[in-house]
Amino acid sequence: MSVSDWMRAARLALLNSGPDGVRVEPLARALGVTKGSFYWHFRDRADLLEALLAEWEAEASLLSDAIGSSDPAGDLRKILLEVERRTHASERGEWPSDAAIFAWAAVDPVVAKRVNKGEVIRMKLLRELTGRPDVADLFYYAYQGLLHRRRRVPSAVADFTSLARLGLELLTGDAIIGGPNPAISKEESKPQASHRHGVSKGARRALVLLLAAASIQGCTTWRIVRWRDPLPNVQHRIFDERVVRHAETPFRFVVAASPRTDLDTVMVRDVDGQMRRFDQYVANHRIRAFLVIRNDTVLYERYNGGLTDTTRWSSFSVAKSFTSALLGVALAQGAVRSLDDTMTSYLPEFNRNPAFRGITLRQLLAMASGLAYTRTNGGLFHDLRSSDAHFYYTTDRTRSLLRMRREEPPGTRWAYKDSDAELVGLVLSRATGKTIAAQLEESIWRRIGTEHDATYSLDHRDGVENVSSGFNATARDYARFGRLYLNDGAWNGTQIIPRDWVRRSTQMDTSRTEPEVVTWYRMQHNLYWWIPMHNWAAERDFFADGSRGQRIYVHPPTRTIIVQLAEDSNQDFPFRRIAHYLANEPYRYPRGIPGLVLEAARAYGADSARAVFLRLTAEMRAAPESYVMNQVALLHVIETLRQEGKTDAANALLVLAEKTYSRSRRHDP
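Rules behind the numbers
- Residues numbered from 1 in each chain as written.
- Predicted model: local features only at pLDDT ≥ 70, side-chain atom pairs only at ≥ 80, totals over all residues.
- Heavy atoms only, no water.
- Helix = DSSP H or I, 4+ residues; strand = E, 2+ residues; numbered from the N terminus.
- Areas by Shrake-Rupley, 256 points an atom, 1.4 Å probe, with all protein chains shown as cover.
- Pairing = 2+ DSSP bridges.
- Contact = heavy atoms within 4.5 Å.
- Axes fitted to C-alpha atoms, helices over the stretch in contact; angles between N-to-C directions.
- Parallel < 35°, antiparallel > 145°, perpendicular 65-115°, else oblique.
- Left-handed = near helix turned anticlockwise from the far one by under 90°.
- Nonpolar A, V, L, I, M, F, W, Y, C, P; charged D, E, K, R; others polar.
- Buried < 20%, exposed > 50% of the residue type's maximum accessible area, 1.4 Å probe, protein only.
- pLDDT = per-residue confidence, 0-100.
- Core = buried A, V, L, I, M, F, W, Y, C linked by side-chain atoms within 4.5 Å.
- Polar contact = N/O pair within 3.5 Å; in protein donor to acceptor, adjacent residues only side chain to side chain.
- Salt bridge = Lys/Arg side-chain N within 4 Å of Asp/Glu carboxyl O.

1. Focus on the overall build of the chain
Tallying secondary structure elements over the chain gives 29 helices and 18 strands in all. For the chain, the computed accessible surface area is about 29,900 Å², with 51% contributed by carbon and sulfur atoms.

Pasting the structure below:
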């Protein structure tokens, strides 16, 4: 048997049985040979799987080779016809199957990462080739929908012919729908066969109407396709908004006579673990505003990329911290009676769906509702269908919530989801009889000396606010909100948010030993705020966090407030270093034990890795502020060593991990 025979059998197995079906013994049986034949061509099963993935990745060359062509429309026609040929050939195992690869990516995070990268390349090339990005994206998503249907209905692959013709007409204006196709037989190209492989005039008119409808901003799917992962300064173009009016008399921070430009030279930890100058860190991560205030004095204020001190910028999930503040106010005013109330006692219409029965406000705040929810993962098709995208772009927030289903009993586990915060928002509106914008304006925004109007993004005109990720304001006004929390909810002597509520939101829960989000500083989630667990007893800091790098950070020991507004989610945590530097205090980043152990294992093997692990964990017990280690990072090191063939070191560390993290404390990897 040749390599091509084994590859053909493996492609069919992947298409029909998924990655678990790609195993040496059943493939050998299908080919009628012994397993020994396999090892003439591949090292092992992993080598075969890698070959399957690599040949799929190489298919992007079909598009890249056409870039710069003098006849892009002609090349695009050839490409679509070739993709049609390959799509049908993949059903016979003669070519990589997109349907099989995407199904594989759905169950394997490592494969998903590579497939996502391939998708980005494909879409970029298709946009460049056509010169019509929006239509190119629409065609690509339609193709993804076809692949998804093919996974359930194999015969759906035949519909690609019509999709290809339709795509060519939309992308190039080449009206070939219903016309002859060189990829099909002469018999099939006769007039009587045109309805089988073409699209009728009625269908074309329907398509035009569909596209016209999709172009309306009120379409949730169109919003997702059009905007995807939006920048933080375009929300007013996507959504209708409700204004939160600013204070009549603004509170003014003092501006230092000599701004601390020396901060630019301070070395901070970057996401790759390397130390870099702060100004380089800002540039690398597309930070558009960085504002540092200490003792009500602006020490450092930098704006980049067109953002200014008057620019309204989306906070994304920082909005949840504002929602938490409003709930604290509503409890103090008696509009909301108790966190142990069920949400349906305020929203009785939700009783129609059994998924919501028994869910308390406390469970919604803990993000432990048990409702099914899917997060984005970078995969274009997955993200299009994710709950994250749907709840951000929905045109009817209440209806979207009413359609949710239960995944597990309430209170079972923490799982980050916007829907829980959105339900809190509906409860607040119903309990107070006021919109969220009106509540924030009356109880907080106009009372803390804000300088500019803020806005909430709405699902539709005069609709419901997006309280999980749709609040938009300026950098200094975000800092004023941080000042309110720095002072335990009081503003110049007037208690605005109950002191107990603020302290419950911003202090670490010492009964929980593991973070909700694994980072070197270990993020614990409390009432829609975040607590960095590492060395918290000394730092006592907290922050609000949003996608693309939005942060409101508060460091009470030095009375420092930092606001960061950015366009890149890939951020580290330089805030403690900066707060201590500006207070003329020393600060040393903790060392990561898993990384040090990995270096020892690579250099000297299992015995060295074991010795370094035992020595450093003993030192960590004596000086916990000097080191960081978590289970997920340790398991990642073990898996890395296995992939590198260092199984002795991996097994030695696995034994130590079992002893360090008992079964009662371990999470599923």
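Now that the structure has been shown, we can carry on.
2. Regarding the sheet that holds strand β7 (residues 313-314)
Spatially, the four strands line up as an open sheet ordered β1-β8-β9-β7, and their pairing is antiparallel. Each of the sheet's edge strands pairs with one partner strand only, and the pair in question is β1 (241-244) and β7. Pairing of β7 with strand β9 (residues 471-473), which is carried by two bridges, proceeds in the antiparallel orientation. Directly across from Trp 313, in β9, lies its bridge partner Ala 473. Here helix α21 (residues 436-443) sits on the sheet in contact with β1, β8 (454-457) and β9, set at roughly 10 degrees to β1.

3. Thoughts on the packing of helix α15 (residues 319-333) against helix α22 (residues 475-486)
Two elements in contact, α15 and α22, have axes whose closest approach is 12 Å; the angle formed by their N-to-C orientations is 45 degrees. Taken together, the axes of α15 and α22 are oblique relative to one another. Here the hand of the crossing between α15 and α22 comes out left-handed. Facing Ser 321, Phe 322 and Ala 325 of α15, the residues of α22 in contact are Tyr 478, Phe 481 and Tyr 485. Residues that form the contact of α15 with α22 fall into these classes: five nonpolar, one polar and no charged.

4. Some thoughts on the packing of helix α3 (residues 45-57) against helix α6 (residues 98-105)
Packing of α3 against α6 leaves a shortest axis separation of 11 Å and a crossing angle of 120 degrees. In terms of axis orientation, α3 runs oblique to α6. Considering how the two elements wind past one another, α3 and α6 form a crossing that is left-handed. In this structure, α3 uses Leu 49, Leu 52, Leu 53 and Trp 56 to contact α6, whose residues at the interface are Asp 98, Ile 101, Phe 102 and Trp 104. Considering only residue class, the contact of α3 with α6 consists of seven nonpolar, no polar and one charged.

5. Quick look at the environment of Arg 150
In this fold, Arg 150 is placed in helix α8 (residues 133-152). Take Arg 150: its relative accessible area is 8%, and that puts it in the buried class. Taking the C-alpha atoms as reference, Arg 150 lies 7.0 Å from Ala 99; in sequence the two are 51 residues apart.

6. Here's the deal with the confidence of the model for the chain
For the chain, per-residue confidence averages 85 on the pLDDT scale, and 87% of positions sit at 70 or higher. Note that residues 174-218 has pLDDT below 50 and, in this model, 60 contacts with residues that lie over four places away or in other chains. When the criterion is pLDDT under 50, residues 663-669 qualifies, and its contacts beyond four places in sequence or with other chains add up to ten contacts.

7. Looking at the nonpolar core
Core analysis: the largest hydrophobic core is formed by 104 residues, its most contacted members being Met 343, Ile 444, Phe 471, Phe 481 and Ile 497. The next biggest cluster of nonpolar side chains, apart from the first, holds 42 residues, and it includes Val 24, Phe 42, Ala 99 and Met 123.

8. Some details on α6
Of all eight residues making up α6, seven are buried, and the element is well covered by its neighbours. Along α6, the residues that are buried comprise Asp 98, Ala 99, Ala 100, Ile 101, Phe 102, Trp 104 and Ala 105. Regarding α6, its N-cap is Ser 97, as a side-chain oxygen of that residue lies 3.3 Å from the backbone nitrogen of Ala 99 further along.

9. Describing the pattern of salt bridges
A complete count under the given rule lists 44 salt bridges for this structure. The partner of Arg 245 in a salt bridge is Glu 441, with the nearest N and O atoms 2.6 Å apart. Placement of Arg 245 in the loop between β1 and β2 (254-255) and of Glu 441 in helix α21 is noted, with a sequence separation of 196 residues between them. For Glu 451, the salt bridge goes to Arg 252, with nearest N and O atoms at 2.6 Å. With a gap of 199 residues between them, Glu 451 in the loop between α21 and β8 and Arg 252 in the loop between β1 and β2 connect regions that are remote in the sequence. Linked by salt bridges that have partners in common, Arg 252, Glu 451, Asp 477 and Arg 480 make up one network.

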